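# Structure at a glance
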Protein chains: 2
Amino acid sequence: MLDVPIGSAKASPERSDRSDRQTDATPPKNRRLALQARSQATEKALLDAGLAHFEAHGFEGLSMQAVAEYAGTSIGALYFRFGDREGFIQAVLERGFDQIRQDTDDLLAKVTTEHASPHEVINAFVDLAVRVQKKSHGVFRAVLQRALVDPKAWEPVGRLGNDATRRLVSALSRFPEVVAIPDWEARLMFGVYAARSAQFNAMYNSQAPLPKGHVAMVHVLYELIVSYLGLPPIGRVGQGAKDQGGRPRKLATSSRTRHTP
Amino acid sequence: MLDVPIGSAKASPERSDRSDRQTDATPPKNRRLALQARSQATEKALLDAGLAHFEAHGFEGLSMQAVAEYAGTSIGALYFRFGDREGFIQAVLERGFDQIRQDTDDLLAKVTTEHASPHEVINAFVDLAVRVQKKSHGVFRAVLQRALVDPKAWEPVGRLGNDATRRLVSALSRFPEVVAIPDWEARLMFGVYAARSAQFNAMYNSQAPLPKGHVAMVHVLYELIVSYLGLPPIGRVGQGAKDQGGRPRKLATSSRTRHTP
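Under an unreviewed UniProt entry, the name given to chain A is Transcriptional regulator, TetR-family, and the organism recorded is Cupriavidus metallidurans.

## Thoughts on the domain arrangement of chain A
All names here are of chain A. The domains assigned to chain A are domain 1 (37–83) and domain 2 (93–229). Placing a centre on the C-alpha atoms of domain 1 and another on those of domain 2 gives a separation of 30 Å. For the domain 1 and domain 2 pair, buried surface summed over both sides reaches about 870 Å², with 56% attributable to carbon and sulfur atoms. Counting the surface domain 1 buries against domain 2, the share from its top three residues, Leu51, Glu55 and Phe59, is 55%. At the boundary of domain 1 and domain 2, one finds one salt bridge. In this structure, Arg95 and Asp48 form a salt bridge, with 2.8 Å as the shortest nitrogen-oxygen distance. Here domain 1 and domain 2 share one residue pair in polar contact (both at pLDDT 80 or more) between them. The class makeup of the residues in the side of domain 1 that touches domain 2 is four nonpolar, two polar and four charged.

## Quick look at the UniProt feature "domain: HTH tetR-type" (unreviewed entry) in chain A
Residues given the UniProt feature "domain: HTH tetR-type" (unreviewed entry) here are residues 40–100 of chain A. With 80% helix and 0% strand, the stretch residues 40–100 of chain A has end C-alpha atoms that lie 21 Å from each other.

## Some details on the pattern of salt bridges
Once the charged atoms of two side chains with opposite charge are near each other, the side chains can pair. Residues and elements named next belong to chain A. Applying the stated criterion across every chain yields a total of 20 salt bridges over all chains. For Lys135, the salt bridge identified is with Asp103, shortest N-O distance 2.7 Å. Here Asp103 lies in helix α4 (residues 85–113) and Lys135 lies in helix α5 (residues 118–135), a separation of 32 residues in the sequence. By the burial criterion, Lys135 is buried, and Asp103 matches it. When the shortest N-O distance is used, the salt bridge between Arg167 and Asp105 registers 3.0 Å. You can see Arg167 sitting in helix α7 (residues 155–172) and its partner Asp105 sitting in helix α4, a full 62 residues away along the chain.

## Side note on the relation of the copies chain A and chain B
Superposing chain A onto chain B requires a rotation of 180 degrees together with a translation of 0.0 Å along the rotation axis, leaving an RMSD of 0.1 Å. The superposition operator between the copies reduces to a two-fold rotation axis. A high fraction, 100%, of the interface residues of chain A reappear at the interface in chain B, so the copies pair face to face through one surface.

## Comments concerning the interface of chain A and chain B
At the interface, 48 residues of chain A touch 48 residues of chain B. At the boundary of chain A with chain B, total buried surface from both sides reaches about 4400 Å², with 58% on carbon and sulfur atoms. At the junction of chain A and chain B, the tally comes to two salt bridges. For the pair chain A and chain B, the interface holds 15 residue pairs in polar contact (both at pLDDT 80 or more).

## So, the UniProt feature "DNA-binding region" (unreviewed entry) in chain A
Under the UniProt annotation, "DNA-binding region" (unreviewed entry) lies at residues 63–82 of chain A. Secondary structure within residues 63–82 of chain A divides into 75% helix and 0% strand; the distance between the first and last C-alpha atoms comes to 14 Å.

## Here we look at the packing of aromatic side chains
For the coordinates displayed, the defined rule picks out twelve aromatic pairs over all chains. Ring centres of Tyr204 of chain A and Trp154 of chain B lie 5.1 Å apart, and the angle between their planes is 80 degrees; on these two criteria the pair is classed as edge-to-face. On the criterion of chain membership, the pair formed by Tyr204 of chain A in the loop between α9 (184–202) and α10 (214–229) and Trp154 of chain B in the loop between α6 (137–147) and α7 (155–172) is interchain, its members lying in two chains. Of the two residues, Tyr204 of chain A and Trp154 of chain B, neither departs from the other in class, the shared state being buried. Looking at Arg187 of chain A, its charged tip hangs above the ring of Tyr228 of chain A, at a distance of 4.3 Å from the centre.

## Re the nonpolar core
For soluble globular proteins, nonpolar side chains are generally found buried alongside one another. One finds Phe88, Ile122 and Phe190 of chain A together with Phe88, Ile122 and Phe190 of chain B to be the most contacted residues of the largest nonpolar core, which totals 146 residues. Filtering out sequence-adjacent residues up to four positions away, Ile122 of chain A remains in contact with Leu172, Leu188, Tyr222, Ile225, Val226, Leu229 and Leu231 of chain A.

Reading the values: rules and limits
Residues numbered from 1 in each chain as written. Chains lettered and ligands numbered in written order. Predicted model: local features only at pLDDT ≥ 70, side-chain atom pairs only at ≥ 80, totals over all residues. Heavy atoms only, no water. Domains from an automatic or database assignment. Buried area = accessible area lost by both parts, 1.4 Å probe. Salt bridge = Lys/Arg side-chain N within 4 Å of Asp/Glu carboxyl O. Polar contact = N/O pair within 3.5 Å; in protein donor to acceptor, adjacent residues only side chain to side chain. Nonpolar A, V, L, I, M, F, W, Y, C, P; charged D, E, K, R; others polar. UniProt positions renumbered as here; feature names shortened; annotations may be inferred. Helix = DSSP H or I, 4+ residues; strand = E, 2+ residues; numbered from the N terminus. Buried < 20%, exposed > 50% of the residue type's maximum accessible area, 1.4 Å probe, protein only. Least-squares fit on C-alpha atoms with pLDDT ≥ 70 in both. Contact = heavy atoms within 4.5 Å. Phe/Tyr/Trp six-rings, centres within 6.5 Å; stacked < 30°, edge-to-face > 60°. Lys NZ or Arg CZ within 6 Å of the ring centre and 35° of its normal. Core = buried A, V, L, I, M, F, W, Y, C linked by side-chain atoms within 4.5 Å.

Listed below in structure tokens is the structure:
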């Protein structure tokens, strides 16, 4: 299972400018470099604090005062760096989105090379997508709020989702049982999109008929993709649907043949 | 194909209070009734005008002045009736939602009784769901904007969606090939939810890998539901996968057997 450090966006107040004050006594050139470093550290601390607040309260509840306190700096420093509240929110969204992109990249690299069957690759991909969406829920929510006013705001998110799925497509192209399926690329693109939509909407639809627990949720979304793709279940392709212990494997069956004679 | 009058939310200015002004000369009792009727007609005209504006501009762009003009009444009448802009938006959302419920009811009645195979019932249901979501896009979008701040706002929409799918479940319970599928109710609930989510998100995600044309979109969503459900294709159950003209029927195949030997 992939190990995404959920909540790593938390700012650590130790990294704020207060701890850098000792550098004030150093010579001019070093001092300039130290000031730059301090400035960057402060900016990072402010953005991390903003991101943590975002995930907890959404951007409508974002208090500039609380962010400054959390980052261990002054509200003046916050306005000085980002102009106004909107500028700060924009910068936080960009940082949040960079982090989503980074998480996606890091984990896709694992997902696409480490697994022996297309079923395992797809399952690991879904696991990853669920984690990334959960971890950065606040950022997605904020971008969606903007996208409902101006659809352009969703473009980077939509593009990242499609790019990630295209990497899944490319990883699956080494499996003959996948490439034998007519339209498999298009079916995978849409199946993954539908699964991501189902999970995403469950974040605001409390009555969504999707299991809340991580493992069960991943399994349902995986099955949706695999059955729409029309991928024959593991039992048909390789090695039987049981693992060494004789228990049914979690990702063994797609719905496709469960009901066929 | 179902015939939803897209855009029926448009207010007709003739129905506004201006055309009722002649009743001012009638005797007291009739006059009171006429005034009540006029008041209701004005309210309806205002709400219809609000709904039409909503669908066109979203509620962030809703101008009270423009709504009053469109409904053929004064901005004073608008504030008198609804208190403030927020009160008006709330009333418009309620009216929009009533209309969604009514559209859903009317069309579900058709969908669930008029079709001979489960495939046709599911296809007609998807067709309906796509139309209702498209027609009331502005209302859904406005409710979603509120739900992103307070998830309670989505509850009536989530409930209506689940209720509609439960009626589909009930309509499909008369088909032996459906009830033979293990967990068919749960699979149908989730499959329909995923399909609706995929369509819904495509309304703000311009890069969604979902066809834009109505027929193609309905077909993809139908196939998603049927393949996840694990429903054997028409060819297996009834009468062959071709219609009288020898052309393949549009809803003939689920992905399930297309790739099985």
